[in-house]
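Given next are the chains, with one letter for each unit.
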Amino acid sequence: MNLPEAKVSKILNFSCVDGPGNRLVLFLQGCNFACLNCHNPHTMALCNHCGDCVPACPTGALSMIGGRVVHDPTRCDECDQCLEVCPINSNPKVFQVTIGEVLELVQRNKPFLNGITVSGGEATTQLKFITALFGVMKQSVSLRDLTCFIDSNGYLPEFAWRSVLPYTDGVMLDIKSFDCDLHCKLTGRTNERVLASARFLHAEGKLHELRYLLIPGMTDVPAEIDRLLDFVLDLSPGLNLRLNAFQHHGVRGEAQDWPAAEKDRVEEIASQLRRGGLSNVTTPAVYI
Ligand code: SF4
Ligand code: SF4
């Protein structure tokens with residue numbers, strides 16, 4: 001049987017911020033949102049091999065071969081100038097991985113791992129790969145004690161979640177805004193599916209954590225925070241809620257002019273949510 005492969009922008013062998021414990025993280029390329037605040041905008045699009053980045057590479061790591069851009073990692077110094085010139089928010093350094101290659105990597109690092117997380121971009125745009133990878137891991141005698149998590153924007157419809165949940169231990173899900181118009185402005189998509197995903201995943205016992213990004217004057221306003229509190233209370237007061245703080249690192253376009261979220265305001269909102277009854281609210285350890 002031919003197992004699906006993935007287009008990957010980065011693999012971290014160890015991370016302690018992408019789910020519980022220490023995790024190997026696959027960042028898949030491609031996203032179905034176009035978030036103005038995205039701090040990794042070059043993960044959004046799949047390369048169309050236009051070739052614009054080739055002359056921008058100072059080390060000759062990029063070349064056009066047979067109408068396709070080819071990246072030579074041995075000549076790359078990770079200066080990221082290719083990302084700056086790409087007109088569609090893509091990345092010529094994206095590489096293809098097989099499930100066998102991922103399993104080998106996981107096996108090699110297993111003594112130090114609690115599990116793996118598939119992130120993005122938007123991980124679920126490559127759902128067949130995730131389902132196959134997690135399925136193989138759950139059948140593997142040597143790997144099935146590792147947990148399998150997905151980091152998602154929640155846009156996946158319920159029927160598609162149902163195909164991957166039997167092999168998934170948990171999902172970290174972002175809610176960008178409760179106001180549908182604001183959500184649309186921030187992401188290019190409406191929020192109904194995201195809210196439905198959060199409710200569905202919670203009902204299935206698979207919602208590990210909700211994440212909410214505080215953008216001053218937009219998503220930190222009282223009306224949004226009240227709706228966030230009501231939404232989480234309705235799911236479970238003990239649900240893990242991680243507040244993130246908007247910062248400028250990596251962002252492009254109009255979001256560069258937005259004010260950064262300040263620690264005092266983030267802590268004030270966290271306190272308000274705790275007073276409102278939420279018992280597992282976390283805030284950023286650092287602001288950069
Ligand atoms: S990061 Fe991009 S531009 Fe820089 S050396 Fe590598 S391929 Fe070339
Ligand atoms: S990474 Fe961007 S600039 Fe480079 S070939 Fe692909 S689409 Fe064109």
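Procedures and definitions
Residues numbered from 1 in each chain as written. Chains lettered and ligands numbered in written order. Predicted model: local features only at pLDDT ≥ 70, side-chain atom pairs only at ≥ 80, totals over all residues. Heavy atoms only, no water. Near = heavy atom within 4 Å. Nonpolar A, V, L, I, M, F, W, Y, C, P; charged D, E, K, R; others polar. Salt bridge = Lys/Arg side-chain N within 4 Å of Asp/Glu carboxyl O. Buried < 20%, exposed > 50% of the residue type's maximum accessible area, 1.4 Å probe, protein only. Pairing = 2+ DSSP bridges. Helix = DSSP H or I, 4+ residues; strand = E, 2+ residues; numbered from the N terminus. Contact = heavy atoms within 4.5 Å. Axes fitted to C-alpha atoms, helices over the stretch in contact; angles between N-to-C directions. Parallel < 35°, antiparallel > 145°, perpendicular 65-115°, else oblique. Left-handed = near helix turned anticlockwise from the far one by under 90°. Core = buried A, V, L, I, M, F, W, Y, C linked by side-chain atoms within 4.5 Å. Phe/Tyr/Trp six-rings, centres within 6.5 Å; stacked < 30°, edge-to-face > 60°.

Draft legend 1. Summary view of the site of ligand 2. Near ligand 2, the surroundings consist of 13 residues, among which Cys 47, Asn 48, Cys 50, Cys 53 and Cys 86 are the closest. Looking at the shell around ligand 2, its residues break down into eight nonpolar, four polar and one charged.

Draft legend 2. Examining the pattern of salt bridges more closely. Across all of its chains, the model carries 11 salt bridges by this definition. Here Glu 209 ties to Arg 211 by a salt bridge, and the two come within 2.7 Å at their closest N and O atoms. Here Glu 209 matches Arg 211 in class, with each residue buried. Three or more residues joined by partner-sharing salt bridges are found here, namely Asp 151, Glu 209, Arg 211 and Arg 242.

Draft legend 3. The arrangement of the sheet that holds strand β6 (residues 115-119) in detail. The strand order across the open sheet built from nine strands is β5-β1-β2-β6-β7-β8-β9-β10-β11, with neighbouring strands paired in mixed fashion. Each of the sheet's edge strands pairs with one partner strand only, and the pair in question is β5 (95-97) and β11 (281-282). Here three bridges tie strand β1 (residues 6-15) to β5, and the two strands are oriented antiparallel to one another. Paired with Lys 7 across the bridge in β5 is Gln 96. Across the sheet, helix α3 (residues 127-139) lies against β1, β2 (23-28), β5, β6 and β7 (147-152), angled at about 165° from β7, the strand it touches most. Against the sheet, helix α6 (residues 192-203) makes contact with β8 (170-175) and β9 (207-214), and its axis sits at roughly 150° relative to β8, the strand it touches most.

Draft legend 4. Quick look at the site of ligand 1. Neighbouring ligand 1 are 14 residues; Cys 57, Cys 76, Cys 79, Asp 80 and Cys 82 lie closest to it. Here the shell around ligand 1 is built from residues that sort into seven nonpolar, three polar and four charged.

Draft legend 5. Quick peek at the packing of helix α7 (residues 222-235) against helix α8 (residues 263-275). Between α7 and α8, whose axes approach to 10 Å, the crossing angle comes to 40°. It follows that α7 is oblique to α8 by the angle criterion. Of the two elements, α7 crosses α8, and the hand of that crossing is right-handed. On α8, the residues touching Ile 225, Asp 226, Leu 228 and Leu 229 of α7 are Ile 269, Gln 272 and Leu 273. Of the residues assigned to the contact of α7 with α8, the class counts are five nonpolar, one polar and one charged.

Draft legend 6. Seen up close, the nonpolar core. Formed by 66 residues in total, the largest nonpolar core has its most connected members in Leu 133, Leu 210, Leu 241, Leu 243 and Leu 273. In terms of residues, this core owes the most to one element, α3, which gives seven residues. Among all residues touching Leu 243, those that are not within four sequence positions of it are Tyr 212, Leu 214, Leu 228, Val 266, Ile 269, Ala 270, Leu 273, Val 281, Thr 282, Thr 283 and Pro 284. Residues Leu 182, Leu 186, Leu 213 and Ile 215 belong to the second largest nonpolar core, which totals nine residues.

Draft legend 7. Representation of the packing of aromatic side chains in the model. Under the definition given, this model contains five aromatic pairs. Considering the side-chain rings of Phe 14 and Phe 112, the 5.8 Å spacing of their centres and the 90° angle between planes classify their relative orientation as edge-to-face. Highlighted residues: Phe 14 in strand β1 and Phe 112 in the loop between α2 (99-109) and β6, separated in sequence by 98 residues. Residue Phe 14 is classed as partly exposed on the basis of its relative accessible area of 39%.

Draft legend 8. Molecular detail of the packing of α2 against α3. Packing of α2 against α3 leaves a shortest axis separation of 10 Å and a crossing angle of 45°. What the angle tells us is that α2 and α3 run oblique. Judged by the twist between their axes, the crossing of α2 over α3 is right-handed. Only Phe 129, Ala 132, Leu 133, Val 136 and Met 137 of α3 make contact with α2, whose side of the interface consists of Ile 99, Val 102, Leu 103 and Val 106. Here the residues of the contact of α2 with α3 sort into nine nonpolar, no polar and no charged.

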